[in-house]
Amino acid sequence: MSRYPIMKKTKKSYMKQGTRWTVIAVTVLLLLFIGIGILTGAKTTYRIYSSTIQEWTTKLEGSAFLYLFEMENRAFKDAHPEGNRIPSLTTLSFQLLTSLTPNDPRSLLGREIPGLSSYNSQIIIAGKGTDYSTLPIESEPPMIVDDRGEEGDVEETNEEDDKQEEKPVGEDRVYIYHTHNTESFYPHLPDESTDHDGKVNITLIGERLGESLEKRGVGAIVDKTDVAALRSEKGMEYYQSYDAMRPVVEEAISQNGGIQYLFDLHRDSLSKEHTTTSINGKDYARFAFVIGAEHPKYEQNLQLASKIHQLLEEKYPGISRGVITKKGSGVDGIYNQDLHPNAILIEFGGVYNHLDELYRSADVMAEVFSDYYFEDEKVSTD
């Protein structure tokens with residue numbers, strides 16, 4: 001039998017396969033060009049922007065991105081949480097389409113159970129004792145705002161203040177304000193019928209922080225806007241406090257071009273064991289940093305909060321409860337931090353803290369932040 005028919009048949013088979021792969025390659029290229037043409041030629045209404053992609057990707061678990069990094073750098077393989085497996089394409093698609101995470105009931109129940117939506121927060125840096133059961137809790141809308149609070153005996157200065165040599169005050173760089181300006185403290189109220197007071201409240205901590213910053217040479221503006229009265233005047237509800245305060249903050253930024261940092265001071269509603277720490281035999285109110293994750297550039301705000309947390313922990317271990325982000329239903333999610341890259345929300349202690357403890361912490365914050373400020377300023381001018 002001749003072998004030539006077999007050779008002809010094999011050659012014909014190779015040609016057929018080559019033709020098929022050529023057709024496939026050309027088809028893929030055509031589809032690719034058509035896709036690019038649609039994306040770039042579509043009306044602006046239908047284009048996909050980076051913000052759209054960000055919105056999609058925020059629906060995915062952060063750990064899923066480790067697998068993408070691993071494709072480029074195998075060293076990321078060691079970063080996987082123990083026992084974690086690569087998420088399937090089905091799981092990722094389900095999360096993108098529904099905003100639900102199969103192994104996290106909060107993503108579903110948070111919409112149905114009142115109060116559970118507050119656990120949409122993500123712990124970016126956990127301080128001592130911080131977990132999802134000890135996240136900062138916003139005050140409930142006040143039934144009444146009392147005016148019977150009393151400061152009582154409050155320590156005027158601490159040991160650090162006595163040693164601190166006052167520096168010449170520079171230009172105003174820090175803007176301190178209080179969106180929930182009536183948040184108060186049980187030790188200074190006659191009873192627990194309300195935790196909001198018109199006189200003895202979080203604004204006193206803002207004043208102390210401003211004074212301490214200026215002693216260290218950092219110019220500060222302490223805003224004393226009565227947001228509660230402003231809301232009442234505009235017929236706004238408590239949950240609209242950030243909307244009421246927004247024009248005030250915008251005007252402050254426009255009128256004071258030197259402002260580089262914005263601190264919105266609040267106080268938590270957790271019990272004292274979570275909001276207090278003891279250092280060298282003295283009690284201090286602890287800090288918690290809250291960043292709204294519902295605006296495109298929140299990572300800049302997050303960077304500042306993370307740095308201050310780190311510096312606090314280096315000098316006063318345990319005084320910071322950590323850094324968290326908030327988004328989703330039931331929370332503001334922006335906190336006016338989109339107005340400036342260095343705008344952050346700081347929880348100072350809680351409703352059970354005494355002003356002594358809060359003032360000590362205000363001095364600590366001023367000390368640590370001023371060191372950071374002058375170091376950052378030095379680097380910027382070099």
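Computed from a predicted model, the values in this text were never measured in an experiment.

K.L.:
An account of the overall build of the protein chain is requested, with residue identities and associated values reported.
P.N.:
Helix and strand counts for the protein chain stand at 12 helices and 9 strands. Within the protein chain, buried positions represent 42% of all 382 residues. For the protein chain, restricting intrachain contacts to residue pairs at least 6 apart in sequence, the fraction spanning at least 24 positions comes to 76%. Of the roughly 21,900 Å² that the protein chain leaves accessible, carbon and sulfur atoms contribute 54%.

K.L.:
Explain the nonpolar core to me, and be specific about the residues and the numbers.
P.N.:
Counting residues in each nonpolar core, the largest one holds 46 residues, and the members touching the most others are Leu209, Phe289, Phe348 and Phe369. Taken together, the elements giving at least two residues each to this core come down to β2 (172-177), α7 (202-215), β4 (261-268), β6 (282-285), β7 (287-292), α11 (298-315), β9 (343-350) and α12 (355-381). Broken down by element, this core gets its largest block of residues, 11 residues, from α12. Ranked by size, the runner-up nonpolar core spans 14 residues in total, among them Val227, Leu230, Val248 and Ala252.

K.L.:
Now, about unusual backbone geometry: what can you tell me, with residues and values included?
P.N.:
Residues other than glycine seldom take positive phi values, yet asparagine 280 does so here, at roughly 55°. Structurally, asparagine 280 can be placed in the loop between β5 (276-279) and β6. Judged by its relative accessible area of 79%, asparagine 280 falls in the exposed class. A positive phi angle, close to 65°, is found at asparagine 336, a residue other than glycine. Its location among the elements puts asparagine 336 in the loop between β8 (320-326) and β9.

K.L.:
Mind laying out the pattern of salt bridges, listing which residues take part and the relevant values?
P.N.:
Considering all chains together, one arrives at 12 salt bridges under this definition. A salt bridge links aspartate 338 to arginine 246; its shortest N-O distance comes to 2.8 Å. A residue pair is termed long-range when its members are at least 10 positions apart, and aspartate 338 in the loop between β8 and β9 and arginine 246 in helix α9 (residues 241-255) qualify at 92 residues. In this structure, lysine 272 and glutamate 357 form a salt bridge, with 2.8 Å as the shortest nitrogen-oxygen distance. Here lysine 272 is found in helix α10 (residues 272-275), whereas its partner glutamate 357 is found in helix α12, with 85 residues between them in sequence. Since its relative accessible area comes to 32%, lysine 272 is described here as partly exposed. Residue glutamate 357 is classed as buried on the basis of its relative accessible area of 7%. Connected via shared salt-bridge partners are Asp146, Arg148 and Asp191.

K.L.:
Which residues make up α11, and what are the values?
P.N.:
Helix length check: α11 (18 residues) gives 26 Å between terminal C-alpha atoms against 26 Å at 1.5 Å per residue, within 8%. Those residues of α11 not exposed but buried are Tyr298, Asn301, Leu302, Leu304, Ala305, Ser306, Ile308, His309, Leu311 and Leu312.

K.L.:
Let's hear about the packing of helix α8 (residues 227-234) against α9: which residues, and what values?
P.N.:
The N-to-C vectors of α8 and α9 enclose an angle of 105°; their axes lie 9 Å apart at closest approach. When the axes of α8 and α9 are compared, the pair comes out roughly perpendicular. Here Val227, Leu230, Arg231 and Lys234 of α8 come into contact with α9, specifically with Ser241, Ala244, Met245, Pro247 and Val248. When the residues that make up the contact of α8 with α9 are grouped by side-chain class, the tally is 6 nonpolar, 1 polar and 2 charged.

Rules of the game
Residues numbered from 1 in each chain as written. Predicted model: local features only at pLDDT ≥ 70, side-chain atom pairs only at ≥ 80, totals over all residues. Heavy atoms only, no water. Helix = DSSP H or I, 4+ residues; strand = E, 2+ residues; numbered from the N terminus. Buried < 20%, exposed > 50% of the residue type's maximum accessible area, 1.4 Å probe, protein only. Contact = heavy atoms within 4.5 Å. Areas by Shrake-Rupley, 256 points an atom, 1.4 Å probe, with all protein chains shown as cover. Core = buried A, V, L, I, M, F, W, Y, C linked by side-chain atoms within 4.5 Å. Salt bridge = Lys/Arg side-chain N within 4 Å of Asp/Glu carboxyl O. Expected span 1.5 Å × (residues − 1). Axes fitted to C-alpha atoms, helices over the stretch in contact; angles between N-to-C directions. Parallel < 35°, antiparallel > 145°, perpendicular 65-115°, else oblique. Nonpolar A, V, L, I, M, F, W, Y, C, P; charged D, E, K, R; others polar.

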